[in-house]
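Breakdown of the fold
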Amino acid sequence: MTERRRSDENMADVPGRDRATNRRPAVPAGAGKPSARVRMSAAQRREQLIAIARQIFAERGFDATSIEEVAARAKVSKPVVYEHFGGKEGLYAVVVDREVRALLDRITTALTAGHPRELLEQAALALLTYIEEETSGFRVLVRESPVLSAAGNFSSVMNDVAHQVEHILGAEFSSRGYDPKLAELYSQALVGMVALTGRWWLEVRKPRKETVAAHLVNLAWSGLSHLEAKPSLITVRGR
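First, a word on scope: everything that follows refers to the structure included in this document. Predicted, not measured: the structure shown is a model, and the values here were computed from it. (Residues numbered from 1 in each chain as written. Predicted model: local features only at pLDDT ≥ 70, side-chain atom pairs only at ≥ 80, totals over all residues. Heavy atoms only, no water.)

**Concerning the overall build of the protein chain**
Our working rule: Counting from the N terminus, the helices are the DSSP runs of H or I reaching at least four residues and the strands are the DSSP runs of E reaching at least two. Only protein chains enter the area calculation, which uses a 1.4 Å probe; residues under 20% of their type maximum are buried, those over 50% are exposed, and those in between are partly exposed. Should any heavy atoms of two residues lie within 4.5 Å, those residues are considered in contact. Computed by Shrake-Rupley with a 1.4 Å probe, the accessible areas treat only the displayed protein chains as cover when residues are assessed.
A count of helical and extended segments in the protein chain gives 10 helices and zero strands. Secondary structure elements in the protein chain, listed N-terminal to C-terminal, are α-α-α-α-α-α-α-α-α-α. Within the protein chain, the proportion of its 239 residues that are buried is 34%. For the protein chain, the proportion of contacts with a sequence separation of at least 24, taken over those separated by at least 6, is 62%. Carbon and sulfur atoms form 54% of the exposed surface of the protein chain, whose accessible area is close to 14900 Å².

Following this line, the structure appears as structure tokens:
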């Protein structure tokens, strides 16, 4: 009994054992193992930072966005962001460039029909679909920023689309006896109408995009199909 008591006393002195029960406390599964932190490759980190910055720029615009917030949301230090993009201007330029290409690709890919009215429908629906599915990207594009030139904003995208529409209208004008030189004016008017309506629809989201596109085409096509060869302003006639 004496030997057993001494053995128990010795075991009670073992670090980590409970003196009352002489047992080691239960150890949770996985305890004592270092936490497995997944390290991103440089390319993965870059994509993460672009996605985070896209969201913040959409929410707040360029001026109100800071590198500190981008880094905080990504759980990295500010130097990591600077290493990838050089600064806020560089990061913003990458985000905008991607959105410009994404929107242009959508619209140009959608223009498959041969009839001008169908092309107009496709362009209007493609823009509204982009607004619906890529709302953050569209918000980034429509926010003006002092750091970008005219080649990197929503207006530049719409100008590119207008140039494509201009070629379509030019051929149509020539076949109907209208001055093809006016195709540029009409293409800017049509694309501008769709773009401004899209910015309005971004906020209200009703009626549904197909209905909005149908009404846009109705206004545009009905007007184009009844063009006057030499229109004049009623209010200035006879002066």
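**What about the environment of Ala 110?**
Relative to the helices and strands, Ala 110 is located in helix α5 (residues 88–110). Spatially, the C-alpha atom of Ala 110 lies 8.7 Å from that of Leu 125, the residues being 15 residues apart in sequence.

**With respect to the pattern of salt bridges**
The test is simple: Here, a salt bridge means any Lys or Arg side-chain nitrogen found within 4 Å of an Asp or Glu carboxyl oxygen.
A full pass over the atoms with the stated rule returns 14 salt bridges. Here Glu 99 and Arg 54 are joined by a salt bridge, their closest N and O atoms 2.6 Å apart. Note that Glu 99 is positioned in helix α5 and Arg 54 in helix α2 (residues 42–64), a separation of 45 residues in sequence. For the pair Glu 99 and Arg 54, one class covers both residues: buried. A salt bridge links Arg 101 to Asp 97, with the shortest nitrogen-to-oxygen separation between them at 3.1 Å. Taken together, the residues Arg 101 and Asp 97, both in helix α5 and four residues apart, mark about one turn of the helix. Residue classification places Asp 97 among the partly exposed positions, given a relative accessible area of 39%. Within the structure, one salt-bridge network assembled from shared partners comprises Glu 59, Arg 60, Glu 69 and Arg 73.

Read these as spatial facts, not as claims about activity.
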